[in-house]
Amino acid sequence: MTSPEPPAPRSGPPAPRSGPPAPRSGPPGPALPGRARVVIIGGGVIGTSVAYHLTALGWTDVLLLEQGQLSCGTTWHAAGLVGQLRASESVTRLVQYSADLYSRLEAETGLGAGFRRCGGLTVARTGDRMTALARTAATAEAFGLNCELISPRRAAEMYPIMDAADLAGAIWLPDDAVADPTGLTAALARGARLRGAVIAERTRVTGITVTGGAVTGVRTDAGDIEAEIVVNCAGQWAKQVGALAGVTVPLHSAEHFYVVTDQIDGVHRDLPILRDPDGYTYFKAEVGGLIVGGFEPAARPWVAPDELPYPFEFRLLAEDWEHFSVLMDSALHRIPVLADTGIKKFYNGPESFTPDNQFILGEAPECRNFFVAAGFNSVGIASAGGAGLALAEWIIEGQPSSDLTAVDIRRFARFNGNNQWLRDRVGEVLGLHYALPWPNREMETARPFRRSPAYHLLRDANACFGSRMGWERANFFAPPGERAVIEYGWGRQNWLPWSAAEQRAARRDVVIFDQTSFSKYLLTGPDSERVLQWLCTADIAVPPGRTVYTGMLGERGTYEADITVTRLSAGEFLLVSSAATTERDKDHITRRIPAGARATLADVTSSLAVYGVMGPRSRELLSLMSRADFSNEAFPFGASREIDLGYSTVRATRITYVGELGWELYVPAEFAVGVYQDLMAAGAGLGVVNGGYYAIESMRLEKGYRAFGRELTPDYNPVEAGLLFACKLKTDISFLGREAVEKARALGPRRRLVSILASHPDTVMWGGELVLRDGVAAGQVTSAAWGEALGRSVGLAYIWDPAGQPVTADFARSGCYQVNVGGELHPAAVSLRPPFDPAGDRVRAG
């Protein structure tokens, strides 16, 4: 490609510069009202979509404020790709809805969104990428999307100017589309205005008023406005806006590049979108030429979120041909004619990215009635329609209508808002768009972050750490002399023999798992039992010293949390949940404590270390260190006691997530190092070893234990999850979601969770695989891992009846099952009972 001017050297951060389209001047907008039911901050494609959908659902008292002009921030320079497939079914449905909406906007509003379905072609240069595309095609089949695996020759026929000589294959998504970002924003805005919304441009929000923990209005440079609800759609300014209300919105801007070429023979408006992820690039037809852009492996973060310039309308950053060269070289390789094609325009437009490459949606836990839709990680155009609808429903109904856990703002905590941490992370995040989507990929930047007290001891034991909610957690332990790293691949990875050895030790002897990352809360007060009886599916009116496994549901009767509750005293309960759900759990519980109830929730996560002492010799190990009686009679399953352990006093709870006799030890943080060292020393003669989370995952799947976020989500209820035993339906005690659960039980499960076991040891499942019953798509694996005790891959899967009928036990047990593993069909067996120790004899061992 020939640039319009030679690259210029530069030093320091790039300076903003003007770029098309130029800001318009015109008469001032309508006078601001003194109040509005909903105030939306930000007039890009996201903010206008939220306004459009609120008014479409009947809330017409909506005011949208834009500090410049509509679409002037990030929206206007978006590439406009509308890809149909996403990692989760619920987010895929949002994008499908977007495409449907965009196709009909012109007929409704009179303004075109530039929408057309041209299809999308994604090519693979390597076998590993081809496996990834085969998995993508299987996911599309599970979600009911049109997708086809095609040959390099067919791909070349569909995209004649492409050099396909080095390709291994491709996939074709015929429903992928493009849209005009500025036109789309204008159409959404007109649709909102036609139904009564007021849109005020050149109105900057300078403050947000909060009273009693709830938003009450906004301050602007044109006056104050009372509001019942405020929605932060401020794009890369969303972190600044959130801070005005004391809300953390973790995102950071990064430079993002593409160029527009001169005209090229053979390029026409219906040429498919071409993605070459192994070369980090994409190509889109644009007025006879191409938009050539991409996601380079190491991105360049822009200024800190609280240092963004104002005004910044329709502006770009300085050209950086040197940084763009990795994309340009790849583009020349794929489209050789570009070597003789001129460049019309270089776009370096900053965009905001989140720490995990998923956008942010939902009501902020720090401030009631303050909602956020931001951080769209270069998929804002594709996501805007569905995200706007989802957030509008959330605002009106008080809850989302589908599983939005992956994008829920409550997956982050306040510490995720640290600007230096964000800056170091987003340089990696942008590159993940086109990186190989390994199922166990770990982020590498901005680590280590949160560490348990025993972190250094696990590190010295040759642990390979993963990260969850910022916690450094041991995935596995490598033998002395081996490098404790993950060598990614689709088959058996390098660490599997080491994790398998940990599993064998837990089944045979005893293993210590550092599970400090558990979320831990204390609910105290005279009404604590009443509160928990309302929130929990199980009956928690147990004596002190007992632990109960329970779910927490929403109004729709689907899962909001999956926890254990230990009664410590008459008015004190210890709640334990997964590492990733701390903010979500706290928000769910505190918002639903009945009015006037005397109960207070405190987060004690960081004050307690947790060690899982698991295996047939766990009783023997603890008995060496304590005077407590660990016999079945004195310490039955589900019991919880304070015990002496060496020089320390800890809480021991007899419970397990790996399906073995064992105890979880809750240790005050200041004693955690000593307790860990004492356990390892005392257990030396019993074969004690360290265990990591990969072993926990394998063993919990052998036992069919569910995990929140995978098997238990806001899309599934206890009937479908097979957890009616943890619901107090045989009592007359009311609980949140009970009526919905009873209705679901009467109707029968639309999907049913089953254990799935590969028939052959060489089948490697990771989760996400398509399940076929009698050759027809009938399910999807939610989690999978190698089960050492079973000698093959094992997992959990939701299956459905392709005929649309409730999934009966007979249906689940009958039929011939297969799993699609990287495009190849492998036989498998399904079961409604755990494949390992189905009667639970080992858990209750005497």
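The model shown is predicted, which means the values in this text are computed figures rather than measured ones.

### So, the overall build of the protein chain
Logical step 1: What the protein chain contains, in helices and strands, is 19 helices and 42 strands.
Logical step 2: A compact globule built from 846 residues should have a C-alpha radius of gyration of about 28 Å, and the protein chain, at 28 Å, falls within 12% of that.
Logical step 3: Projecting the C-alpha coordinates of the protein chain onto the three principal axes gives extents of approximately 80 × 65 × 60 Å.
Logical step 4: Each of the 846 residues in the protein chain was classed as buried or not, and the buried ones make up 60%.
Logical step 5: Of all intrachain contacts in the protein chain linking residues separated by at least 6 positions in sequence, the fraction that spans at least 24 positions is 73%.
Logical step 6: Only carbon and sulfur atoms are counted for the fraction: they give 51% of the accessible area of the protein chain, which is about 30,600 Å².
Logical step 7: Taken together, the 82 basic and 93 acidic charged side chains of the protein chain have centroids lying 3 Å from each other.

### As for the sheet that holds strand S26 (residues 511–514)
Logical step 1: Here we have six strands laid out as an open sheet, ordered S33-S34-S35-S32-S26-S36, and mixed in their pairing. The open sheet is flanked by strand S33 (640–645) and strand S36 (689–691), the only strands paired with a single partner. The mean inter-strand angle of the sheet, taken between neighbouring strand axes irrespective of direction, is 30°.
Logical step 2: Two strands pair when backbone bridges link them, and strand S32 (residues 608–614) and strand S35 (residues 662–668) are joined in this way by seven bridges, in the antiparallel orientation. Bridged to Gly612 within S35 is Glu664.

### Considerations on the sheet that holds strand S4 (residues 81–82)
Logical step 1: Read from one edge to the other, the open sheet built from three strands follows the order S4-S9-S5, with strand pairing classed as antiparallel. Strands with a single pairing partner mark the edges of an open sheet, and in this sheet they are S4 and strand S5 (116–117).
Logical step 2: When S5 meets strand S9 (residues 177–178), the two strands line up antiparallel, connected through two bridges. When the sheet's bridge partners are listed, Arg116 is paired in S9 with Val178.

### Looking at the pairing of strand S13 (residues 223–232)
Logical step 1: Alignment of strand S2 (residues 35–41) against S13, held across six bridges, turns out to be parallel. Directly across from Arg35, in S13, lies its bridge partner Glu226.
Logical step 2: Sheet topology note: the strand S12 (residues 214–220)/S13 ladder contains four bridges and is antiparallel. Paired with Gly217 across the bridge in S13 is Glu226.

### Quick notes on the side chain of Thr605
Logical step 1: Examined against the element boundaries, Thr605 turns out to sit in the loop between strand S31 (600–603) and S32.
Logical step 2: With relative accessibility at 4%, the residue Thr605 sits in the buried group.
Logical step 3: In terms of polar contacts, Thr605 uses its side chain to reach the backbone amide nitrogen of Lys520, at 3.0 Å.
Logical step 4: Residues within four places of Thr605 in sequence aside, it is in contact with Trp471, Phe518, Ser519, Lys520 and Thr582.

### Observations regarding the side chain of Lys284
Logical step 1: One can find Lys284 in strand S17 (residues 281–286).
Logical step 2: At 2.6 Å, the side chain of Lys284 and the backbone oxygen of Ala79 are in polar contact.
Logical step 3: The residues contacting Lys284, other than those within four sequence positions of it, are Ala79, Gly80, Leu81, Val178, Ala179, Gly289, Leu290 and Ile291.

### Some words on the nonpolar core
Logical step 1: Ranked by internal contacts, the top residues of the largest apolar core, which has 50 residues, are Ile40, Leu54, Tyr102, Val231, Leu361 and Leu391.
Logical step 2: Elements with a minimum of two residues in this core: S2, helix H1 (45–56), strand S3 (62–65), helix H2 (89–109), helix H5 (181–194), S13, strand S23 (370–374) and helix H8 (380–397).
Logical step 3: If near-sequence neighbours (up to four positions away) are discounted, Leu361 is found in contact with Val372, Ala373, Ala387, Ala390, Leu391, Trp394, Leu404, Val407, Asp408 and Ile409.
Logical step 4: Membership of the second largest hydrophobic core comes to 34 residues, among which are Ile41, Ile225, Val249 and Phe312.

### Remarks on the pattern of salt bridges
Opposite charge on two side chains permits pairing when their charged atoms draw close.
Logical step 1: This structure, assessed with the given rule, holds 52 salt bridges.
Logical step 2: In this structure, Arg592 engages Glu555 in a salt bridge whose closest nitrogen and oxygen atoms are separated by 3.8 Å. With a gap of 37 residues between them, Arg592 in helix H13 (residues 582–592) and Glu555 in the loop between strand S28 (547–553) and strand S29 (559–569) connect regions that are remote in the sequence.
Logical step 3: By relative accessible area, which is 18% here, Arg592 ends up buried.

### Focus: the pairing of strand S16 (residues 273–276)
Logical step 1: Of the two faces of S16, both are covered, the one formed by Ile273 and Arg275 as well as the one formed by Leu274 and Asp276.
Logical step 2: Looking at chain direction, strand S6 (residues 120–124) and S16 are connected through three bridges and run parallel. By the bridge assignment for S16, Thr122 is matched with Arg275.
Logical step 3: Bridge analysis of S16 against S17 gives three bridges, and the strand direction is antiparallel. In the strand pairing of S17, Asp276 is matched with Thr281.
Logical step 4: Hairpin connection between S16 and S17: a loop of four residues separates the two successive antiparallel strands, and Tyr280 in this loop has a positive phi of roughly 65°.

### Observations concerning the packing of aromatic side chains
Logical step 1: One pass over the structure, following the stated rule, counts 29 aromatic pairs.
Logical step 2: Measuring from centroid to centroid gives 6.2 Å for Tyr102 and Phe115, while their planes differ by 75°, and the two rings are edge-to-face. With Tyr102 in helix H2 and Phe115 in the loop between H2 and S5, this residue pair connects regions lying 13 residues apart in the sequence.
Logical step 3: Looking at Tyr102, the relative accessible area reads 2%, which means it is buried.
Logical step 4: Aromatic pair Phe415 and Phe449: ring centres 5.6 Å apart, planes at 75°, arrangement edge-to-face.

### Brief notes about helix H12 (residues 528–535)
Think of an α-helix as turning once every 3.6 residues; residues three or four places apart then point the same way.
Logical step 1: Buried within H12 are the following residues: Ser528, Val531, Leu532, Gln533 and Leu535.
Logical step 2: In the core, the buried residues of H12 are packed alongside strand S27 (519–524), S28, S29, strand S30 (572–577) and H13.

### Some details on helix H14 (residues 618–625)
Logical step 1: Within the sequence span of H14, burial applies to Ser618, Arg619, Leu621, Leu622 and Met625. On an axial view of H14, the arc spanned by its buried residues comes to 160°, and they lie on one face.
Logical step 2: Summarising the contacts, the buried residues of H14 are in contact with S26, S32, S33, S35 and helix H15 (672–682).

### Topic: the environment of Ala79
Logical step 1: With respect to the element layout, Ala79 can be found in the loop between S3 and S4.
Logical step 2: Along the sequence, Ala79 and Phe573 sit 494 residues apart, while their C-alpha atoms lie 52 Å from each other.
Logical step 3: Filtering out sequence-adjacent residues up to four positions away, Ala79 remains in contact with Tyr258, Tyr282, Lys284 and Ile291.

### A few points about the confidence of the model for the protein chain
Logical step 1: In this model, the protein chain carries a mean pLDDT of 95, and residues with pLDDT of at least 70 account for 96%.
Logical step 2: Here residues 3–27 is modelled with pLDDT under 50, and outside its nearest four sequence neighbours on either side it reaches 47 contacts, counting other chains as well.

### Comments concerning unusual backbone geometry
Logical step 1: Cis rather than trans, the peptide bond between Tyr310 and Pro311 has omega equal to 0°.
Logical step 2: Considering the arrangement of structural elements, one finds Pro311 in the loop between strand S18 (289–294) and strand S19 (315–317).
Logical step 3: Residue Pro448 is bonded to the preceding Arg447 through a cis peptide linkage, with omega at -5°.
Logical step 4: Among the secondary structure elements, Pro448 is positioned in the loop between helix H9 (419–429) and helix H10 (455–460).
Logical step 5: Phi at Phe314 takes a positive value of approximately 45°, unusual for a residue other than glycine.
Logical step 6: When you line up the elements, Phe314 lands in the loop between S18 and S19.
Logical step 7: Take Phe314: its relative accessible area is 3%, and that puts it in the buried class.
Logical step 8: A positive phi is found at Asn377, a non-glycine position, where the angle reads about 50°.

Conventions adopted
Residues numbered from 1 in each chain as written. Predicted model: local features only at pLDDT ≥ 70, side-chain atom pairs only at ≥ 80, totals over all residues. Heavy atoms only, no water. Helix = DSSP H or I, 4+ residues; strand = E, 2+ residues; numbered from the N terminus. Rg over C-alpha atoms; globule rule 2.2 N^0.38 Å. Buried < 20%, exposed > 50% of the residue type's maximum accessible area, 1.4 Å probe, protein only. Contact = heavy atoms within 4.5 Å. Areas by Shrake-Rupley, 256 points an atom, 1.4 Å probe, with all protein chains shown as cover. Lys, Arg positive; Asp, Glu negative; His and termini not counted. Charge placed at Lys NZ, Arg CZ, Asp CG, Glu CD. Pairing = 2+ DSSP bridges. Axes fitted to C-alpha atoms, helices over the stretch in contact; angles between N-to-C directions. Polar contact = N/O pair within 3.5 Å; in protein donor to acceptor, adjacent residues only side chain to side chain. Core = buried A, V, L, I, M, F, W, Y, C linked by side-chain atoms within 4.5 Å. Salt bridge = Lys/Arg side-chain N within 4 Å of Asp/Glu carboxyl O. Phe/Tyr/Trp six-rings, centres within 6.5 Å; stacked < 30°, edge-to-face > 60°. Arc of directions from axis to C-beta. pLDDT = per-residue confidence, 0-100.

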